[in-house]
Amino acid sequence: MAEPHIELRNVYRTVTRQAGTSVRSEILRGVNLNVLKGELITIMGPSGAGKSTLLRLINRLTEADSGTILLDSANIKDYDPRELRRRVGMVFQIPVVFKGSVRDNLAFGTKLWNTDADIEALAAEAAIPGELMDADAAHLSVGEKQRVCIARALANKPEALLLDEPTSALDKASAEKVESLLLRLQSERHLTMLWVTHDQAQARRISRHNYVLEDGKLREEHG
Ligand SMILES: Nc1ncnc2c1ncn2[C@@H]1O[C@H](COP(=O)(O)OP(=O)(O)O)[C@@H](O)[C@H]1O
Ligand SMILES: [Mg+2]
């Protein structure tokens with residue numbers, strides 16, 4: 001049996017909703033998950049189920065109330081948070097770019113090794129055409145911005161990516177491009193991926209390991 005790359009054991013998380021009076025609500029109630037190295041799993045579930053919260057726990061943008069999360073069999077709390085986030089990158093639904101050109105955005109991610117050749121290679125890997133490199137990143141389409149965000153995540157040479165509905169803000173053509181880019185990266189770099197989506201057809205297309213988060217628990221869907 002292969003060792004899990006990312007493992008969640010009995011993870012709980014309560015949030016306080018502010019609605020006139022504040023209501024405490026346990027959104028994750030004993031979540032268990034095993035993801036092998038290089039495996040791509042999908043997570044679906046109703047809006048507000050806690051899918052984004054679950055991803056954010058894994059690179060410590062949020063803390064669990066109880067339970068354990070392991071990366072390579074070590075508790076994520078034993079890693080330096082910057083090291084953890086370098087190894088486990090995150091891509092969000094709405095891509096946010098920094099001020100400046102596309103090249104500036106990629107150079108920001110590659111601070112430690114930013115030769116021009118490195119930046120060009122990174123752009124090629126994220127399917128960013130050369131003629132876009134000196135464009136103002138703020139003026140890109142949403143799909144192009146998402147590719148810049150993926151390139152920035154790749155600059156850290158991650159082992160895993162947490163993908164929070166990475167294609168759902170995009171038009172159909174851009175969504176297809178980003179989906180095939182991510183699938184190519186997963187197979188070429190052997191990246192572990194946890195991919196949240198509300199699109200069941202997409203989930204089935206990209207993975208045979210499909211989970212649903214509902215009522216605070218994660219269950220695997222079969223068939
Ligand atoms: N830091 C927080 N403080 C208060 N409420 C939160 C916080 N994070 C998430 N929530 C609430 O927890 C619930 C789950 O949110 P989320 O993880 O974003 O769900 P999903 O991604 O499945 O739509 C939502 O009701 C949201 O408003
Ligand atoms: Mg969400």
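Anything mentioned here points back to the structure above.
Student: I would appreciate a short explanation of the packing of helix H5 (residues 142-155) against helix H6 (residues 172-189) in the present structure.
Tutor: Two packed helices can be described by the angle between their axes and the distance between those axes. One way to put it is that H5 packs onto H6 with a least axis distance of 9 Å and a crossing angle of 15°. When the axis of H5 is compared with that of H6, the two are roughly parallel. Relative to H6, the crossing made by H5 is right-handed. Counted together, Val 142, Gly 143, Gln 146, Arg 147 and Ile 150 of H5 and Ser 174, Lys 177, Val 178 and Leu 181 of H6 form the full contact between these two elements. Partitioning the contact of H5 with H6 into residue classes produces four nonpolar, three polar and two charged.

Student: Looking at this model, I keep getting lost on the nonpolar core. Mind explaining?
Tutor: The nonpolar side chains of a soluble globular protein tend to be buried, and buried together. Core analysis: the biggest nonpolar cluster contains 59 residues, and Ala 151, Leu 163 and Leu 194 have the highest contact counts within it. Here this core gets seven residues from one element, more than from any other, and that element is H5. Those residues in contact with Leu 194 that sit more than four places away from it in its chain are Val 35, Ile 41, Ile 43, Leu 55, Leu 162 and Leu 163.

Student: Please explain the sheet that holds strand E7 (residues 160-164) as it appears in this structure.
Tutor: Working definition: the strands of a sheet are paired by backbone hydrogen bonds and lie parallel or antiparallel to each other. Pairing is mixed in the open sheet, where six strands are placed in the order E6-E7-E8-E3-E9-E10. Both outer strands of the open sheet, strand E6 (88-91) and strand E10 (217-221), are each paired with one neighbouring strand and no more. If you compare each strand with its neighbour and ignore which way they point, the axes differ by 20° on average. Strands strand E3 (40-44), E6, E7, strand E8 (192-196) and strand E9 (210-214) of the sheet are contacted by helix H1 (residues 51-58), whose axis makes an angle of about 155° with E7.

Student: Is there a simple way to think about the pairing of E8 in this case?
Tutor: Successive side chains on a regular strand alternate, one facing one side of the sheet and the next facing the other. In terms of residue burial, E8 counts as a mostly covered element, since five of its five residues are buried. Residue alternation in E8 divides its side chains into two sets, Thr 192, Leu 194 and Val 196 and Met 193 and Trp 195, and both sets are buried. Bridge count between E7 and E8: five bridges; the pairing is parallel. By the bridge assignment for E8, Ala 160 is matched with Thr 192. Handedness of the E7-H6-E8 crossover: right-handed.

Student: It is not clear to me how the environment of Thr 42 should be interpreted in this structure. Could you clarify?
Tutor: Checked against the element boundaries, Thr 42 lands in strand E3. Thr 42 gets classed as buried once you count the C-beta atoms within 10 Å, which come to 24. Thr 42 sits 164 residues away from Ile 206 along the chain, and the two C-alpha atoms are 8.1 Å apart. Excluding residues that lie within four positions of it along the chain, Thr 42 makes contacts with Trp 195, Thr 197, Ala 203, Ile 206, Ser 207, Asn 210 and Tyr 211.

Student: Honestly, the site of ligand 1 in this entry has me stumped. Any pointers?
Tutor: If you check the shell around ligand 1, you find Val 15, Thr 16, Arg 17, Ile 27, Gly 45, Ser 47, Gly 48, Ala 49, Gly 50, Lys 51, Ser 52 and Thr 53 and nothing else. Taken together, the residues of the shell around ligand 1 break down into three nonpolar, seven polar and two charged.

Student: Could you clarify how one ought to interpret the pairing of strand E2 (residues 21-36) in this entry?
Tutor: Sheet analysis places strand E1 (residues 4-19) next to E2, joined by 13 bridges and oriented antiparallel. Across the sheet, residue Arg 13 finds its bridge partner in E2, namely Leu 28. Taking the residues between adjacent antiparallel strands as the criterion, E1 and E2 are bridged by one residue, where Gly 20 takes a positive phi near 75°.

Student: Please explain the sheet that holds strand E4 (residues 66-71) as it appears in this structure.
Tutor: Taken in spatial order, the four strands make up an open sheet running E2-E1-E4-E5, and their pairing is antiparallel. Where the open sheet ends on each side, the last strands, each with one partner, are E2 and strand E5 (74-75).

Student: Would you mind showing me how to read H6 here?
Tutor: The end-to-end C-alpha distance of H6, which contains 18 residues, comes to 25 Å, matching closely the 26 Å that a straight helix rising 1.5 Å per residue would cover. All of the buried residues along H6 are Val 178, Leu 181, Leu 182, Leu 185 and Gln 186. Angularly, the buried residues of H6 cover 135° about the axis, an arc narrow enough to put them on a single face. Among the exposed residues of H6, those oriented more than 90 degrees off its buried face are Lys 172, Ala 173, Ser 180, Arg 184, Ser 187 and Glu 188.

Student: Sorry, what's going on with H5 here?
Tutor: Along an α-helix, residues three or four positions apart point the same way, because every turn accommodates 3.6 residues. End to end, H5 covers 20 Å across 14 residues, agreeing with the expected 20 Å (1.5 Å per residue, within 8%). Across the 14 residues of H5, twelve count as buried, placing the element largely inside the fold. By the burial criterion, the buried members of H5 are Glu 144, Lys 145, Gln 146, Arg 147, Val 148, Cys 149, Ile 150, Ala 151, Arg 152, Ala 153, Leu 154 and Ala 155. After H5 finishes, the residue Lys 157 shows a positive phi value of roughly 50°.

Calculation rules
- Residues numbered from 1 in each chain as written.
- Chains lettered and ligands numbered in written order.
- Predicted model: local features only at pLDDT ≥ 70, side-chain atom pairs only at ≥ 80, totals over all residues.
- Axes fitted to C-alpha atoms, helices over the stretch in contact; angles between N-to-C directions.
- Helix = DSSP H or I, 4+ residues; strand = E, 2+ residues; numbered from the N terminus.
- Parallel < 35°, antiparallel > 145°, perpendicular 65-115°, else oblique.
- Left-handed = near helix turned anticlockwise from the far one by under 90°.
- Contact = placed C-beta atoms within 7 Å.
- Nonpolar A, V, L, I, M, F, W, Y, C, P; charged D, E, K, R; others polar.
- Core = buried A, V, L, I, M, F, W, Y, C linked by C-beta atoms within 7 Å.
- Buried ≥ 20, exposed ≤ 12 C-beta atoms within 10 Å, placed from the backbone.
- Pairing = 2+ DSSP bridges.
- Right-handed = clockwise from strand over helix to strand, strands pointing away.
- Near = placed C-beta within 6 Å.
- Expected span 1.5 Å × (residues − 1).
- Arc of directions from axis to C-beta.

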